[in-house]
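Architecture and fold: a report
The lines below spell out each chain.
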There are 2 protein chains.
Amino acid sequence: MFYTTNSKTGLLSSEESRHCTKVLRKNVGDSIELFDGMGTSYIAILTKVGKECTYQIEKTERHKSPYKPVHIAIAPPKKAARMDFMIEKLVELGIQKLTFLSTQHSERSRLNPERIKKQVISACKQSKQYYLPEIDYNTSLKQIIESYTNLYTCHCNPNITKTSIQEIKTPALNAIWLIGPEGDFSIQELEMLKESKATFIDLGEQRLRTETAAIYVMSALKYLTD
Amino acid sequence: MFYTTNSKTGLLSSEESRHCTKVLRKNVGDSIELFDGMGTSYIAILTKVGKECTYQIEKTERHKSPYKPVHIAIAPPKKAARMDFMIEKLVELGIQKLTFLSTQHSERSRLNPERIKKQVISACKQSKQYYLPEIDYNTSLKQIIESYTNLYTCHCNPNITKTSIQEIKTPALNAIWLIGPEGDFSIQELEMLKESKATFIDLGEQRLRTETAAIYVMSALKYLTD
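First, a word on scope: everything that follows refers to the structure included in this document. All values derive from a computational prediction rather than experimental measurement. (Residues numbered from 1 in each chain as written. Chains lettered and ligands numbered in written order. Predicted model: local features only at pLDDT ≥ 70, side-chain atom pairs only at ≥ 80, totals over all residues. Heavy atoms only, no water.)

So, on to the sheet that holds strand 8 (residues 150-154) of chain A. All names here are of chain A. Taken together, the seven strands give an open sheet; going across it, the order is 7-6-5-10-8-11-9, and neighbouring strands pair in parallel fashion. At either end of the open sheet lies a strand with only one pairing partner, and these are strand 7 (134-140) and strand 9 (163-164). Inspection of the sheet shows strand 9 paired to strand 11 (residues 199-202) by two bridges, in the parallel sense. Considered in strand 11, the bridge of Ser164 is made with Asp202. Together, strand 5 (71-74) and strand 6 (97-102) form the strand contacts of helix 2 (residues 80-92), whose direction differs from that of strand 6 by roughly 150°. (Pairing = 2+ DSSP bridges. Helix = DSSP H or I, 4+ residues; strand = E, 2+ residues; numbered from the N terminus. Contact = heavy atoms within 4.5 Å. Axes fitted to C-alpha atoms, helices over the stretch in contact; angles between N-to-C directions.)

The pairing of strands in a sheet comes from backbone hydrogen bonds and takes either a parallel or an antiparallel form. If you trace the four strands from one edge of the open sheet to the other, you get 1-2-3-4 (chain B), paired in mixed fashion. Both outer strands of the open sheet, strand 1 (2-3) and strand 4 (54-62) of chain B, are each paired with one neighbouring strand and no more.

Grouped together as the largest cluster of nonpolar side chains are 86 residues, with contacts concentrated most on A:Ile72, A:Phe100, A:Trp177, B:Ile72, B:Phe100 and B:Trp177. Ignoring any residue separated from it by four or fewer positions in sequence, one finds B:Trp177 in contact with B:His71, B:Ile72, B:Ala73, B:Tyr152, B:Cys154, B:Ile165, B:Ile168, B:Ile201, B:Val217 and B:Leu221. (Core = buried A, V, L, I, M, F, W, Y, C linked by side-chain atoms within 4.5 Å. Buried < 20%, exposed > 50% of the residue type's maximum accessible area, 1.4 Å probe, protein only.)

Residue A:Lys128 is not a glycine yet carries a positive backbone phi of 55°. Mapped onto the fold, A:Lys128 is located in the loop between helix 3 (113-126) and strand 7. Look at A:Lys128 and you get partly exposed, because its relative accessible area is 38%. If you check the backbone angles, B:Asn138 has positive phi at about 45° while not being a glycine. Within the fold, B:Asn138 resides in strand 7 (residues 134-140). Given a relative accessible area of 43%, B:Asn138 falls into the partly exposed group.

Attention now goes to the interface of chain A and chain B. Each partner contributes residues to the interface: chain A has 34 residues there, and chain B has 34 residues. Both sides together, the interface formed by chain A and chain B hides about 3,200 Å², and carbon and sulfur atoms give 52% of it. Counting the surface chain A buries against chain B, the share from its top three residues, A:Gln206, A:Arg207 and A:Tyr223, is 25%. Our count for the contact surface shared by chain A and chain B stands at eight salt bridges. Here A:Glu88 and B:Arg209 are joined by a salt bridge, their closest N and O atoms 3.4 Å apart. The interface formed by chain A and chain B holds 29 residue pairs in polar contact (both at pLDDT 80 or more) in total. Taken together, the elements giving at least two residues each to the side of chain A that touches chain B come down to helix 2, helix 3 and helix 6 (210-225) of chain A. In terms of residue count, the dominant contributor to the side of chain A that touches chain B is helix 6 of chain A (nine residues). The residue makeup of the side of chain A that touches chain B, split by class, is 12 nonpolar, nine polar and 13 charged. (Buried area = accessible area lost by both parts, 1.4 Å probe. Salt bridge = Lys/Arg side-chain N within 4 Å of Asp/Glu carboxyl O. Polar contact = N/O pair within 3.5 Å; in protein donor to acceptor, adjacent residues only side chain to side chain. Nonpolar A, V, L, I, M, F, W, Y, C, P; charged D, E, K, R; others polar.)

Written as structure tokens, this is what we have:
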């Protein structure tokens with residue numbers, strides 16, 4: 001599957017052209033599938049291969065959005081490999097919106113939107129999803145609190161009473177799942193969330209890494225709503 | 001947390017000694033926690049640091065096994081990074097037993113038990129689990145079929161009727177979850193499983209990578225049994 005931002009050009013991007021020619025070794029006349037990340041896919045015939053591949057569309061298909069309304073907000077993990085893997089898994093499992101949170105204990109502030117988008121597109125191709133999830137960068141906790149009415153907050157502080165994730169039978173609309181960063185939310189942040197009537201969530205006995213917590217929450221919500 | 005196979009020696013392994021001295025920069029008199037992977041942990045005081053760290057045990061604690069009876073069998077993913085990540089996540093989420101399956105479409109046959117054990121120990125430390133899960137290497141599908149009465153089999157073949165994972169409310173005892181490899185189970189393998197009354201499982205609309213399917217199944221079972 002190839003990604004295109006504008007199928008009307010009949011032209012693959014230079015990166016997709018390279019992939020088509022060098023990796024998949026496609027030939028003129030071969031059939032390819034394209035998608036635009038907004039629910040439309042195309043069957044096309046390659047009319048030129050090389051540094052610039054061109055194609056002619058044979059068939060257009062419109063897909064219903066398969067997304068569950070799952071929105072997760074998390075501080076980016078420090079290690080790039082963990083970040084990449086987390087994005088891949090969340091997209092594969094069908095996340096609708098992913099927000100990168102800046103928190104007091106966040107260890108990484110700079111993000112590379114181009115790299116992240118590449119990961120997202122690649123995971124969409126793998127899992128045959130025709131809609132790219134929405135990604136928000138560097139959002140503050142304050143912004144989140146102002147925008148959402150249901151703040152399901154997963155953190156490790158043992159002194160705060162929590163509700164087990166199993167008790168959230170039907171996640172409320174306009175809900176967001178906040179995942180504590182490496183180093184967890186600070187006491188001030190937890191206080192701020194408490195004042196905003198956040199529901200503090202218990203993910204079970206094991207102490208999960210931040211990206212594992214996100215993948216687990218995504219899996220549980222997929223299981224619950226599939 | 002440090003791992004020890006025999007706490008009576010009062011001696012950290014050379015690797016744990018290096019970690020203790022060079023990474024954590026511990027000093028004589030500092031308190032450390034050790035675990036033996038079989039449910040016992042120790043609080044000890046360091047009596048020497050350096051290439052060989054020694055300690056004296058102050059307190060011994062016995063832990064109840066937190067494991068769910070989850071047993072997953074999967075062919076090892078081809079890429080080492082995916083393999084490492086999968087092991088880490090399954091252990092963090094509390095897997096009890098992990099079997100590496102050799103299948104017709106398996107892309108990797110050689111495994112490095114030492115590397116795998118390292119991953120497992122590291123994930124146990126991270127998630128504060130005092131029992132190491134059991135790992136089986138290079139098991140054939142035939143062996144699995146002979147040993148288990150409930151074979152929950154996740155695969156991508158669209159021509160075979162499946163039961164959605166949500167319908168498995170209480171996974172049967174002596175159950176094993178088989179995950180299709182990259183390239184899926186072969187037709188012959190699926191036939192063999194069918195004859196053995198395997199239950200074919202549907203994981204939902206998205207086409208998941210093999211390691212994502214394993215992590216999703218583990219997450220769903222944790223969610224179901226926590």
